[in-house]
Amino acid sequence: MASAGSHLDERGIRAAYSAHAGEMFGFAVRSLHDRGLAEEAVQEAFVRAWRFGDRFDPELGTVRAWLFAILRHVVIDIARARAIWPEPASDASIERASEGQVTPEDRLEQALLAWQIEEALRRIGEDHRRVVVETYYRGRPYAEVAAELGIPEGTVKSRVYYALRALRLALEEMGWDDAPAR
Amino acid sequence: MTHPLDDHVRASLGAYVLGHLDPAEATAVRAHLDGCSACRAEAAALAPVAGMLPLADPARVGAPAEPGPPSDLLDEVLGRIERERYESRRGRRRSMGAMVAGVAAVLALVVVVAMMATDSPDPDVPSGEIVAMSASSSSVIGEAVIHEDPHSTWVELTATGLAEGETYAVWLEEAGTGARSPMGTFTGVEGDLYISLYSTLPRDRAASVGVSTPDGVTVMEGAIPPAS
C-alpha cells in the first residue's frame, strides 16, 4: 500500500479504501442483505481502522486481512443490534446446518466463508473455474467434461487439482485462515 | 524429491478430496498418502477448500458482481475521521477552559497558556512523560505529565481529592539547588481537576513537580526522571 511505516494514517486509509472497499462492501451486503447497512458497516470499519491505526502491524498480516477482521466485528455488531442474521449460504449448507444447533454467530461465520469461497471462485482463471463448476456443482462425469472441452480426462483431473490450489491461494489472499470454526 | 508416482497422485488429489475418484483409484491414492508425507500435506491443504465449496452458490459466482459502494462513501469516511479528530481536540480545549476558571492567580515569570496546546499546528497531542505524584493524604490522587518545550517546561496536572475552595500552588523544584520555581496557583474544585501550566525552568533542570498549600505544606509531589 501507499502509506509507509506501520501506522495506518489518513493517507493509508485512502489507499486501503481504494484497494479493498469494493470487496468489503460485497461481503457486507452479502452478510447484512442491505446496501444501506453495508455502507454503514464499511464506513465504520474504516473509521475504526483509522482510530486504531497504530495497532496495525504489517509484520502480522496484510492490510486486507486486518480490515476484514475489523469488518467482521462491525457486521456482527450491526447484525446483533438489528437482530438480523444472514440467510444460510445455500441449500447444502441448510442441510448441514440442520444437523446441529446453529447459533446466529455460526450463520454469520458461514456467510463469511460463503462469500469468501464465491469471491475466490470469481478470481481464479476461467479454465479452472469451469472444471470445478462442471464436475463439482453440476456433478458431471470427468469423461463427459473432457469430451466437451476437447481435452484428455487426465487433464480435467489435474485442472481440478490446480483449481483447488488456486482457490486456496485466493482465499489466503483474502485473509482466510485455515481453521474454519465449524 | 518428487517422483513420477507423486506427480501422478498429486494430479488426482483434487478429485480425491472432492470425493470424485472411483473406489479403486481412491484406495490407490490413500495407500500412497500413507507413505508420502508431502502428498499427505498437500491433501490436507486442499481438504478445507473442498469443504467450503458447498457453501458457495455457483449461480452467484456467475452473476454480475454486486455494484460497489456509492462513490461518496470515502468522503463520508474521511469526514467522520475529520470530525472525530476535531471532537478530540475540542474536548481537550473544554477541559482546559475549565482549568483557567480555577486558576486564581498567576505569579511573576509564570505563564499559564492553556490554549496554547490546542493551537499547535500538529493535531495530535504531543506525548509527555507521566509522573506519578505521591500525596500526603490518601484521599488525594494526582498525576502530572511533563512536556519539554524549547525554553520552558509544560506540566499538565490532574488531581482529585483536593479541598474545594482551597488555594494551591504548583511548583517545579530545581535540581541541585532545591529551589522551588513557582508555576502558578489554582483553587481546588470538587471532583476531577485538570491544570496546564508553563514554567520557564527548563525541563532538564527540574527535579520534581509538586503542589502545596499557601503556607508551604506539600500536598503532593512527584520526582521527574532525568531528561534523556
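The rules behind each value
Counting restarts for each chain: residues are numbered from 1 in the order of the written sequence. Chain A is the first chain written and ligand 1 is the first ligand written, with later ones labelled in order. Only residues with pLDDT of at least 70 get local features here, since the model is predicted, and only at 80 or more are side-chain atom pairs given and counted; chain-wide, interface and lining totals rely on the full set of residues. Note that water and hydrogens are dropped before the side-chain values are worked out from all heavy atoms of the structure. Segments assigned H or I by DSSP are reported as helices when at least four residues long, segments assigned E as strands when at least two residues long, and all are numbered from the N terminus. Pairs of residues are marked as contacts when any of their non-hydrogen atoms sit within 4.5 Å. Here the accessible surface of atoms and residues is derived via Shrake-Rupley with a 1.4 Å probe, and residues count as covered only by protein chains that are part of the display. Buried means the residue's accessible area, taken with a 1.4 Å probe over protein chains only, is under 20% of the maximum for its type, while exposed means over 50%, and partly exposed covers the values in between. Pairing between two strands is assigned when DSSP locates at least 2 bridges connecting them. Here a Phe, Tyr or Trp ring, Trp counted by its six-membered ring, pairs with any other such ring whose centre lies within 6.5 Å, and the pair is stacked when the planes are under 30 degrees apart, edge-to-face when over 60, and tilted otherwise. Comment: the charge-over-ring label is applied if NZ (Lys) or CZ (Arg) is within 6 Å of the ring centre and within 35 degrees of the ring normal. Axis geometry follows a simple rule: fit a line to the C-alpha atoms, using only the stretch in contact for helices, then measure angles between N-to-C directions, giving values from 0 to 180 degrees. One number per residue, pLDDT, summarises how confident the predictor is, and it ranges from 0 to 100. The hand of a helix crossing depends on one turn: near helix anticlockwise from the far one by less than a right angle means left-handed, and clockwise means right-handed. The salt bridge definition used is simple: a Lys or Arg side-chain nitrogen within 4 Å of an Asp or Glu carboxyl oxygen. The quantity reported as buried area is the accessible area (1.4 Å probe) lost by two parts once they are put together, taken as the sum for both. Pairing of N or O atoms within 3.5 Å defines a polar contact, subject to two protein rules: one partner must be a possible hydrogen donor and the other a possible acceptor, and residues neighboring in sequence count only if both atoms are side-chain atoms. We call Asp, Glu, Lys and Arg charged. Ala, Val, Leu, Ile, Met, Phe, Trp, Tyr, Cys and Pro are nonpolar, and the rest, Gly among them, are polar. Buried residues of nine kinds, namely Ala, Val, Leu, Ile, Met, Phe, Trp, Tyr and Cys, make up a nonpolar core once their side-chain atoms join them within 4.5 Å.

Here the focus is the overall build of chain A. Scanning chain A from N- to C-terminus turns up eight helices and zero strands. Listing every helix and strand of chain A by position from the N terminus yields α-α-α-α-α-α-α-α. For chain A, the share of sequence-separated contacts (at least 6 apart) that also reach a separation of at least 24 residues comes to 63%. Here chain A has roughly 8,700 Å² of accessible surface; of this, 49% comes from carbon and sulfur atoms.

What follows concerns the pairing of strand 7 (residues 206-212) of chain B. Consecutive residues of a regular strand have side chains that alternate between opposite faces of the sheet. All names here are of chain B. With six of seven residues buried, strand 7 is to be regarded as a mostly interior element. Where strand 4 (residues 167-174) meets strand 7, six bridges bridge the pair, whose relative direction is antiparallel. Counterpart to Trp171 in the pairing with strand 7 is Gly210. Sheet analysis places strand 7 next to strand 8 (residues 218-223), joined by five bridges and oriented antiparallel. The residue bridging Val209 from the neighbouring strand is Gly222, located in strand 8. Hairpin connection from strand 7 to strand 8: five residues lie between these consecutive antiparallel strands, with Gly216 at a positive phi of about 90°.

Attention now goes to unusual backbone geometry. The phi dihedral of His33 of chain A is positive, around 55°, even though this residue is not glycine. Structurally, His33 of chain A can be placed in the loop between helix 1 (10-32) and helix 2 (35-51).

This next bit is on the packing of aromatic side chains. Summed over all chains, the structure comprises eight aromatic pairs over all chains. A network of ring pairs unites the aromatic residues Phe27, Phe68 and Trp115 of chain A as a single cluster. The cationic tip of Arg180 of chain B hangs over the ring face of Trp171 of chain B; the distance from NZ or CZ to the ring centre is 3.7 Å.

On to the sheet that holds strand 4 of chain B. Residues and elements named next belong to chain B. Overall, antiparallel pairing links the eight strands, which are arranged 5-4-7-8-1-2-3-6 in an open sheet. In this open sheet, the two strands that pair with only one neighbour each are strand 5 (180-187) and strand 6 (193-199). Strand-to-strand twist across the sheet, computed as the mean angle between neighbouring axes with direction ignored, equals 20°.

Let us now look at the confidence of the model for chain A. Confidence in the prediction of chain A, expressed as mean pLDDT, is 81, and 81% of residues score 70 or more. Here residues 1-6 of chain A scores under 50 on pLDDT; set against residues more than four positions off or in separate chains, the count is 12 contacts.

All names here are of chain A. Axis separation between helix 1 and helix 3 (residues 63-82) bottoms out at 10 Å; the angle between their running directions is 35°. Crossing handedness for the pair helix 1 and helix 3: right-handed. Of the residues in helix 3, those touching helix 1 at Ala16, His20, Glu23, Met24, Phe27, Ser31 and Leu32 are Val63, Arg64, Leu67, Phe68, Leu71, Arg72, Val75, Ile78 and Ala79.

In this section: the pattern of salt bridges. One pass over the full model with this rule turns up 25 salt bridges over all chains. With a shortest N-O distance of 2.7 Å, Glu23 of chain A and Arg64 of chain A are connected by a salt bridge. Pair noted here: Glu23 of chain A is in helix 1 and Arg64 of chain A is in helix 3, with a separation of 41 residues, a long-range link. The buried category is assigned to Glu23 of chain A, whose relative accessible area is 13%. For Arg64 of chain A, a relative accessible area of 12% translates into the label buried. A salt bridge links Arg180 of chain B to Glu173 of chain B; the shortest N-O distance between them is 3.5 Å.

The next point concerns the side chain of Glu174 of chain B. All names here are of chain B. Take Glu174: it is sitting in strand 4. According to the relative accessible area criterion, Glu174 is buried, its value standing at 18%. Apart from the residues lying within four places of it in its own chain, the contact partners of Glu174 are Ala179, Leu201, Arg205 and Ala207.

Taken residue by residue, the interface counts 49 residues in chain A and 40 residues in chain B. Between chain A and chain B, a total of about 4,400 Å² is buried, with carbon and sulfur atoms accounting for 66% of that surface. Our count for the contact surface shared by chain A and chain B stands at six salt bridges. Across the pair Glu10 of chain A and Arg85 of chain B runs a salt bridge whose closest N-O atoms are separated by 3.3 Å. Taken together, the connections running from chain A to chain B amount to 16 residue pairs in polar contact (both at pLDDT 80 or more). For the side of chain A that touches chain B, the secondary-structure elements that each account for two or more residues are helix 1, helix 2, helix 4 (91-97), helix 5 (104-123), helix 6 (126-137) and helix 8 (153-173) of chain A. Here the side of chain A that touches chain B is composed, by residue class, of 25 nonpolar, eight polar and 16 charged.

On to the nonpolar core, then. Counting 81 residues, the largest nonpolar core has Phe46, Ile117 and Leu167 of chain A as its most contacted members. Per-element accounting of this core gives the leading share, 11 residues, to helix 3 of chain A. The contacts of Ile117 of chain A, once residues within four sequence positions are left out, are Leu167 and Leu171 of chain A together with Val49, Met52, Leu53, Leu55 and Ala56 of chain B. One finds Val155, Ala159, Met183 and Leu197 of chain B within the second-largest nonpolar core, a separate group that totals 24 residues.

Moving on, we come to the confidence of the model for chain B. Of the residues in chain B, 78% have a pLDDT of 70 or more, and the chain-wide mean is 78. Taken over the whole predicted complex, pTM reads 0.53, whereas the ipTM for its chain interfaces reads 0.72.

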